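# Geometric and topological summary
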Amino acid sequence: MAALYSALEAGRVGIFESPTGTGKSLSLICGALSWLRDFEEKKRQEEARLLALEDGGPEGKKRLTAPEPGRPDSKDTAGEPDWVTAFVQKKEERDMVDRLKEEQIRRKKREDRLEKIRHNVQLKYAAKRKRSEEDETKRLLQLSKEVLSEGAGVDVLEQLDHNEEELILAEYESDEEKKVVSGLEEDDDDLEEEHVTKIYYCSRTHSQLSQFVREVQKSPFGKDTRLVSLGSRQNLCVNEEVRRLGALQLINDRCMEMQKNKHEKKSDEENEGKKRRVSRTVCPFYSYEQMQFLRDEVLVEVKDIEQLVALGRETKACPYYGSRYAIPAAQLVVLPYQMLLHEPTRSAAGIKLKDQVVIIDEAHNLIDTITCIHSAEVSGSQLCCAHSQLLQYMERYRKRLKAKNLMYIKQILYLLERFVAMLGGNVNQNPSCQAVSETGTVLKSINDFLFQSQIDNINLFKVQRYCEKSLISRKLFGFVEQYGGPATAVKTNKENQKLAGLQSFLLTLQQGSDKEAGTPQIPPVEAENDELRTASPLMQIEGFLSALTNANQDGRVILNRQGTVGQSSLKFLLLNPAVHFAKVVEECRAVIIAGGTMQPVADFREQLLSCAGVEPARVVEFSCGHVIPPENILPIILCSGPSNQQLEFTYQTRDLPQMMDETGRILCNLCNVVPGGVVCFFPSYEYEKQVYAHWEKTGLLTRLATKKKIFQEPKKANQVEQVLVEYAKCIKRCSQAGGQMTGALLLSVVGGKMSEGINFSDDLGRCVIMVGMPYPNIKSPELQEKMTWLDKTMPRAAGQAPSRVLIENLCMKAVNQSIGRAIRHQKDFASILLLDHRYARPAVFNKLPQWIRERTQVKPAFGSAFAELRKFHRGKLDAL
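Residues numbered from 1 in each chain as written. Predicted model: local features only at pLDDT ≥ 70, side-chain atom pairs only at ≥ 80, totals over all residues. Heavy atoms only, no water.

## What about empty space enclosed by the protein?
Enumeration over the complete set of coordinates arrives at 6 cavities of 30 Å³ or more. When residues in the lining of the largest cavity are grouped by element, the largest group, 5 residues, is from helix α11 (residues 248-270). Around the second largest cavity, the lining residues are A602, D603, E606, Q607, L790, M794, P795, A797, P802, V805, L806 and N809. Going through the elements one at a time, α27 (602-610) and α33 (802-819) are the ones with two or more residues in the lining of the second largest cavity. In terms of residue class, the lining of the second largest cavity is built from 8 nonpolar, 2 polar and 2 charged. (1 Å grid on protein atoms, 1.4 Å probe; cavity = no way out; pocket = protein on both sides within 12 Å on 5 of 7 lines; lining within 4 Å. Points joined across faces, edges and corners; volume = space filled by probe spheres on them. Helix = DSSP H or I, 4+ residues; strand = E, 2+ residues; numbered from the N terminus. Nonpolar A, V, L, I, M, F, W, Y, C, P; charged D, E, K, R; others polar.)

Listed below in structure tokens is the structure:
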């Protein structure tokens, strides 16, 4: 806490490591909020002093108005006379005093308003009653409109029904052509409130953020902190009609469309006499007054995401936008990684980092996270599918679309056509039936890709902006949903006739464009890929277009040509994550990167901070030991097995039968002495399967199963929970029943679902075994490109090439994450076994977490290691 306080006070960039179970979250909360409380107090005192000088006696007046001592005609260093300098200084001081007074008034108003809400229950009931009255008024108004509209003739010009009218793209103007700001942006400007100094706390998942908020609620700061939790629309939306869309991009687009409709409604009502317009859907929860009420409720009392959603439903206000309105006045903003690290998302959320504090928790994967957020991949089938859908959309509504819309649609169609051509295919033919002549992976610079695909003459920034503002992917999805996909509801005869007519129209288009292929065109939404059913493929392609606007040196385009065009893909790979992190460290007062296991930290210093322009003197490192007593952990590096076979699991040796047999013998011996659960990590799913099959064949698996029930980590994420529940039940059952079976053995994979975020505390993880060293696959084209880029841009460290350092660091980060699954609290105990003599090499050994490293024993022979393990676990069982 003291180290954190100092780092924030001095405006540093800190790398903080504190193992799980040591109270990391609470330390971050108390250290950061103590600093913020003291900072606010100092600021108030300084304001009071300046205001006292303005309002005080002759001394104050003299201080603010008197010129500096010296001759009247003397000049300062800039060559100005003293009286000019004094005048300028006086004006600046008066302006500052005026600003302070305004800020004081605003702060007083806000505090009074929140205090009133905190103590006056009547206000809440009044607001609730008003909402009910408004709902009833809206219902009656709608009934009246329906009654009036009955019997009215249908406008001959309006040949499209209500649902289809919403699929038409609105007239589009680019930024250069706009003279007046839209009504939505005007409203946003009116709401602009000065941002107080605050702490932005971010973590990986919503569950981790909710856990952090609960810690704040329990802390001494829980009652007085103005905290707001931010999340995606997927997590915060309370409009059931929108929530049902499922896919995040669809929810985003539908929400934005409803807002747009709300602002267009005014102009439609003004023109109602001239032309009958179809009514567009607006969101009932997007009410400014109700969202202001929700904002105040959020600031009054600390709430997590679930409580925020419940409040939104109760108040009939949008939690997504209501929480954003609370950002300026909040002291602590809790949000997911992506929202802070992705600049467009950050600005859309109204997050301003200037002179603020950012704490990034669970940051061990920060470099990978930034890389993933700014990378994008699209398959050949998605490109062909999007082209087919967009072409049919354009043909259907050609007469209704304005020239500007048609121009951009044609540009997007051309881009899709060229992307498919780069994969060796034809956009008008079935991608699943087009064989790729030259298979393999090719990497290109962004500029080379743009030139070779003949799209260098298209302004991708403008196309990206058009996609964002026109909501074309949302319109296209609505079009496909209505006419291209399976019917999801029972329709009237009239609707069926209309649908049948349009489907036959689409079919003729498909047949016409597919004569060369000689096969029927796939439907607009491919059945073979479930993901395509949840969203329009154009949504994913927009991400790829956006990625292509990165600087040429910061990324590469990977052309992955497989058996067919449909299986092939285009991927943008970000090589320099620092370019997107630079703005965060530049603007913020202080940035803290924290985690349970941050070793090795060289990656953060060199790849992220140094490349982002952070001076080495600004970086501070802090690492603390564990709270467990030394005797509660036994880490061993084992160099050879029971038959004296040297343990070295390289790609060349690990497949040898004798290596797999030796691993099995080690596990059999350990399972005889280790109680409860044993978690064994393998370098990959393939190797784990290979070893399992070998043990099954040799009968070793049967021997293992007499002591421990064997579980395997599933590849599918939705099966992980079930395996963990069964694993835990088995251990509990064995500990209660006694007998020959002493627990369970879980065969897991480094980098898999169970190597991060899973808690193997107490009996669930009495021993963690690491089989070999999980080096990444250096034959991967992506990794090779990253290595080449590092060798070109980074200096050599201690005689080692940066690419070599990267490989070792990736390996040890994975190891540290996996072995950190055990020892989760102060009274926990476990043994850790690293099976490979290479762990004893200083370059590798020094990258283990300090609290493990200082207690690790290197054992050349299995006998002495086994004796230590038996003594450790027997002693612990006796103590229990």
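## Focus: the pattern of salt bridges
This structure, assessed with the given rule, holds 28 salt bridges. Of the charged contacts in the structure, one is a salt bridge between K24 and D361, with a shortest N-O distance of 2.8 Å. Of this pair, K24 sits in helix α2 (residues 24-55) while D361 is found in the loop between β5 (357-360) and α17 (366-373), placing the two residues 337 residues apart along the sequence. On the basis of relative accessibility, which here comes to 2%, the residue D361 falls in the buried class. (Salt bridge = Lys/Arg side-chain N within 4 Å of Asp/Glu carboxyl O. Buried < 20%, exposed > 50% of the residue type's maximum accessible area, 1.4 Å probe, protein only.)

## Things to note about the environment of L670
Within the element layout of this structure, L670 appears in helix α28 (residues 657-673). According to the relative accessible area criterion, L670 is buried, its value standing at 0%. Sequence-wise, L670 and L869 are 199 residues apart; in three dimensions their C-alpha atoms are separated by 8.0 Å. When sequence neighbours within four positions are dropped, the list of residues in contact with L670 reads I769, L833, F866 and L869. (Contact = heavy atoms within 4.5 Å.)

## Let's talk about the pairing of strand β13 (residues 676-682)
Counting buried positions along β13 yields 7 of 7 residues, so the element is predominantly enclosed. In terms of strand pairing, β13 meets strand β15 (residues 743-749) through 7 bridges, oriented parallel. Paired with G676 across the two strands is G743, which belongs to β15. With 4 bridges connecting them, β13 and strand β16 (residues 767-771) associate as parallel partners. Within β16, the residue paired with V678 across the bridge is C767. (Pairing = 2+ DSSP bridges.)

## Thoughts on the packing of aromatic side chains
Summed over all chains, the structure comprises 19 aromatic pairs. Look at W35 and F39: their rings are 5.1 Å apart centre to centre, the planes differ by 25°, and that puts the pair in the stacked class. You can see W35 and its partner F39 sitting in helix α2, 4 residues apart, about one turn around the helix. Judged by relative accessible area, W35 falls into the buried class, the value being 0%. An aromatic cluster of three or more residues is present, and its members are Y286, Y320 and Y321. Positioned above the aromatic ring of F829, the side-chain terminus of R766 is 3.7 Å from the ring centre. Its end group placed over the ring of F829, K876 keeps NZ or CZ at 6.0 Å from the ring centre. (Phe/Tyr/Trp six-rings, centres within 6.5 Å; stacked < 30°, edge-to-face > 60°. Lys NZ or Arg CZ within 6 Å of the ring centre and 35° of its normal.)

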